[in-house]
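# Coordinates in review
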Amino acid sequence: QVQLVESGGGSVQAGGSMRLSCASSGYTYSSSSCMGWFRQAPGKEREGVAIITSRASTTYADPVKGRFTISRDNAKNSLYLQMNSLKPEDTAMYYCAARSSRICSSRVATDFNYWGQGTQVTVSS
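In this text the structure is predicted, and so the values were computed from the model without any measurement.

Within the protein chain one finds zero helices and eleven strands. Secondary structure elements of the protein chain occur, N-terminal to C-terminal, as β-β-β-β-β-β-β-β-β-β-β. The C-alpha atoms of the protein chain give 13 Å as radius of gyration, which agrees with the globular expectation for 125 residues (14 Å, within 12%). Dimensions of the protein chain, computed from the C-alpha atoms along their principal axes, are close to 40 × 25 × 25 Å. Pairs at least 24 apart in sequence give 58% of the contacts found in the protein chain among residues at least 6 apart. Total accessible area on the protein chain stands at roughly 6400 Å², and carbon and sulfur atoms take up 44% of it. Between the centroid of the 13 positive side chains of the protein chain and the centroid of its 8 negative side chains there is a distance of 6 Å.

Spelled out as structure tokens, the structure:
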């Protein structure tokens, strides 16, 4: 019933910027307590990049602090990830995720139960 669709991925050179979007159906952002962006590179575990609560409070993984910004537009049922000063190590498949729980204190992937199919981000040096 819940479907999340990411867009905006692609290739960019190091130092460039990119904005990812996540559109939802069957999930009302205005009523959700927690949404986030995750990424997974080959051979690595899926990691939480950033999360945002219904009140728009945010939490970021250390490697992206100061460079990435997560935001949401409840009226459009959309989630965004603005990525600036991109580095090659940011290369990964990026996923939009949401959780039905009102608890929003974790960036662990298994705590989220709704997922998009992902969008590839490739940063070249």
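Glancing now at the state of the cysteines. According to the stated counting rule, one finds two disulfides in the structure shown. Each disulfide pairs two cysteine sulfurs, and for Cys22 the partner residue is Cys96, the sulfurs being separated by 2.1 Å. Across the S-S bond of Cys22 and Cys96 the torsion is about -75°, and the bridge reads as left-handed. One end of the pair, Cys22, is in strand β3 (residues 18-25); the other, Cys96, is in strand β9 (residues 92-99), and 74 residues separate them in sequence.

Below, the discussion takes up the environment of Glu45. Looking at the secondary structure, you find Glu45 in the loop between β4 (34-40) and β5 (47-53). On the accessibility criterion, Glu45 (72% relative accessible area) is exposed. Between the C-alpha atoms of Glu45 and Met93, which are 48 residues apart in sequence, the distance is 11 Å. Residues contacting Glu45, with those up to four places away along its chain left out, are Arg39 and Gln40.

Quick notes on the rules
Residues numbered from 1 in each chain as written. Predicted model: local features only at pLDDT ≥ 70, side-chain atom pairs only at ≥ 80, totals over all residues. Heavy atoms only, no water. Helix = DSSP H or I, 4+ residues; strand = E, 2+ residues; numbered from the N terminus. Rg over C-alpha atoms; globule rule 2.2 N^0.38 Å. Contact = heavy atoms within 4.5 Å. Areas by Shrake-Rupley, 256 points an atom, 1.4 Å probe, with all protein chains shown as cover. Lys, Arg positive; Asp, Glu negative; His and termini not counted. Charge placed at Lys NZ, Arg CZ, Asp CG, Glu CD. Disulfide = S-S within 2.5 Å. Buried < 20%, exposed > 50% of the residue type's maximum accessible area, 1.4 Å probe, protein only.

Don't take any of this as a statement about function, it's just geometry.
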